[in-house]
Amino acid sequence: MSDSSPQFDVFSPSYLEARAKFCEATTRAGWEHSGYPTGETGPDGTPLTLDVASCGDPDAKRVLLVSSGLHGVEGYFGSALQIAALQNWAPETTLPPQTRIVFLHGLNPYGFAWIRRVDSHNIDPNRNFLLPEDSFDRPAPRYRRYDRFLNPNRPPAPFDTFRWIGAAALLILGPKRLAQAIAAGQHEYPDGLFFGGQDYGPTQTLYAAHWKNWVGDDTQVLHIDFHTGLGKSATWKLLLDTQLTDAELKRLQEWFGEGSVARGDPEVTYETSGSIGRWCRSSHSGRYVYVCAEFGTFDALSVLSALRSENQAHRYCQPDEPAWKHAKSRLKEIFCPASPVWRGKVLDEGTGLIRQAVDGYLPQGF
Ligand SMILES: [Zn+2]
């Protein structure tokens, strides 16, 4: 452990508190801190910031990048892991030569603060990282069929039939086809779910502007990006959004375990466009391996139902209305359950995963 000073609860009820704890844990661990204001504000008017903590050689040839909160509300979980990892960090730790660790806290601070999965433009940031050769002008014929059902033009109803209809659709179409039609991303309905944007949004723009400061040029990067909401409760998988080489895959399995990488499991994988990992790998001059560390919470229909209600509440209710508060707290519970058992398990597993990356990847590389 880093020292004998009292340690605080790493989970936070608000973005503001999460940010304060992250900054404090960064200082206590002896890491450097820098903040990148987004120019936006939270519900209470406070400015929002993407925070970065780092340690090691600034000119490192090998970088471990650990990020959280790309999907705003999922930051309540990712922040807790990063804070716990910093609390467990012994300041006297020496990293292997020419290596560096960088933590990005709250990649999408707007969604984190406003309890949304998306950013201030209703953009799902992990569908917005299109490559230069990709077009934003993409019809979404599969999503179009479900938009009225997924995105009703009214406040959320107290008793919703969504789960029943959704369960029927799941039975008829199967999880893979339904996920592909809905969650894979769409660029046609700006108010809808899983909207990938019609241009680069604020999260992508801020990330692209500063990314090189964090990973350098011609470096080797392992990027672990923490997410929740897919898979069995309190279990995790590493999801890939690009084709890795056999050697890269073998290394990941050595460091994180044989069954750690999800390959074609319909419960946890579907093809997306505009994912951050694909953009990073293709834009980096060195070797870049991105894994989405996805931790399960609730079943897919509960997740979809909560996303749908929150979108309705965000569009049609005011923050002081009970329907708003209910939809927001339900979304938070869906992506960061309050259950002490769930929290204890994901903290152990998530900090273990970071530790495995530090011990396996940093000295060895791909
Ligand atoms: Zn996510």
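Per an unreviewed UniProt entry, the chain carries the name DUF2817 domain-containing protein and comes from Maioricimonas rarisocia.

Q: Explain the overall build of the chain to me, please; I cannot follow it from the model alone.
A: Counting its regular elements, the chain contains 13 helices and 8 strands. At 20 Å, the chain has a C-alpha radius of gyration in line with the 21 Å of a compact globule built from 366 residues. Taken over the C-alpha atoms alone, the chain extends approximately 55 × 45 × 35 Å along its principal axes. Across the 366 residues that make up the chain, the buried fraction comes to 57%. In the chain, once contacts between residues fewer than 6 apart in sequence are set aside, the share between residues at least 24 apart is 80%.

Q: Help me out: how do you make sense of the environment of His33 in this one?
A: By secondary structure assignment, the location of His33 is in strand 1 (residues 32-41). Through-space distance from the C-alpha of His33 to that of Ala53 is 4.6 Å; in sequence the pair is 20 residues apart. Leaving out residues up to four positions away in the same chain, His33 has contacts with Arg19, Cys23, Thr26, Asp51 and Val52. Of note is the side chain of His33, whose polar atom sits 2.8 Å from the side chain of Asp51.

Q: Sorry if this is basic, but what is going on with the coordination of the zinc ion here?
A: Around a metal, the perfect tetrahedron of four donors has angles of 109.5 degrees, and the perfect octahedron of six donors has angles of 90 or 180 degrees. Around the zinc ion, the donor atoms from the protein are His71 (ND1), Glu74 (OE), Glu74 (OE) and His227 (ND1), and they sit 2.0 to 2.6 Å away. In this structure, the zinc ion is surrounded by 4 donor atoms whose angles at the metal cover 53 to 144°, and the resulting shape is irregular. Donor residues for the zinc ion, ordered by position in the chain, follow H-x2-E-x152-H. Pair noted here: Glu74 is in the loop between strand 3 (62-68) and helix 2 (75-87) and His227 is in strand 5 (residues 220-233), with a separation of 153 residues, a long-range link. Overall, Glu74 belongs to the buried group, its relative accessible area being 2%.

Q: I keep staring at the pairing of strand 8 (residues 287-296) and nothing clicks. Help me out?
A: On any regular strand, side chains alternate: one points to one face of the sheet, the next to the other face. In terms of burial, strand 8 is largely enclosed, as 9 of its 10 residues are buried. Inspection of the sheet shows strand 5 paired to strand 8 by 10 bridges, in the parallel sense. Looking across to strand 8, one finds that Leu222 is bridged to Val289. Direction of pairing for strand 6 (residues 236-239) relative to strand 8: antiparallel, over a ladder of 4 bridges. Considered in strand 8, the bridge of Trp236 is made with Phe295.

Q: Help me understand the pattern of salt bridges, please; the structure alone is not making it clear to me.
A: It is possible for side chains bearing opposite charge to pair when their charged atoms get close. Applying the stated rule across the entire model yields 18 salt bridges. Its salt-bridge partner being Glu248, residue Arg287 comes within 2.9 Å of it at the nearest N-O pair. Of this pair, Arg287 sits in strand 8 while Glu248 sits in helix 9 (residues 246-256), and the two are 39 residues apart along the sequence. The class of Glu248 is buried, set by a relative accessible area of 2%. Through salt bridges that share partners, Glu74, Arg117, Asp124 and Arg127 make up one connected network.

Q: What is the right way to read helix 12 (residues 322-335) from this model?
A: One turn of the α-helix equals 3.6 residues, which is why residues spaced by three or four share an orientation. The end-to-end C-alpha distance of helix 12 is 20 Å, a good match for the 20 Å that 14 residues give at a rise of 1.5 Å each. Taken together, the buried positions of helix 12 are occupied by Trp324, Ala327, Lys328, Leu331, Lys332, Ile334 and Phe335. The arc enclosing the buried residues of helix 12, seen along the axis, measures out at 160°, which places them on a common side. Looking at helix 12, the residues exposed on the side facing more than 90 degrees away from the buried face are Pro322 and His326. Looking at the buried residues of helix 12, the elements they touch are helix 2, helix 3 (109-114), strand 5, helix 11 (300-316) and helix 13 (340-364).

Q: How should I be thinking about the sheet that holds strand 6 in this particular structure?
A: Backbone-to-backbone hydrogen bonds pair the strands of a sheet. The strands run either parallel or antiparallel. Taking strand neighbours across the sheet as the criterion, the 8 strands line up as 1-2-4-3-5-8-6-7 in an open arrangement whose pairing is mixed. Single-partner strands in this sheet number two, and they are strand 1 and strand 7 (261-262). As paired strands, strand 6 and strand 7 are joined by 2 bridges and run parallel to one another. Residue pairing for strand 7: Leu239 is matched across the bridge by Ala262. Sheet strands in contact with helix 10 (residues 276-283) are strand 5 and strand 8, and its direction is about 170° off that of strand 8.

How each quantity is defined
Residues numbered from 1 in each chain as written. Predicted model: local features only at pLDDT ≥ 70, side-chain atom pairs only at ≥ 80, totals over all residues. Heavy atoms only, no water. Helix = DSSP H or I, 4+ residues; strand = E, 2+ residues; numbered from the N terminus. Rg over C-alpha atoms; globule rule 2.2 N^0.38 Å. Buried < 20%, exposed > 50% of the residue type's maximum accessible area, 1.4 Å probe, protein only. Contact = heavy atoms within 4.5 Å. Polar contact = N/O pair within 3.5 Å; in protein donor to acceptor, adjacent residues only side chain to side chain. Donors = N, O, S within 2.8 Å, 3.2 Å for Na, K, Ca; no water. Tetrahedral: all angles 85-135°; square planar, octahedral: opposite > 155°, others 65-115°. Pairing = 2+ DSSP bridges. Salt bridge = Lys/Arg side-chain N within 4 Å of Asp/Glu carboxyl O. Expected span 1.5 Å × (residues − 1). Arc of directions from axis to C-beta. Axes fitted to C-alpha atoms, helices over the stretch in contact; angles between N-to-C directions.

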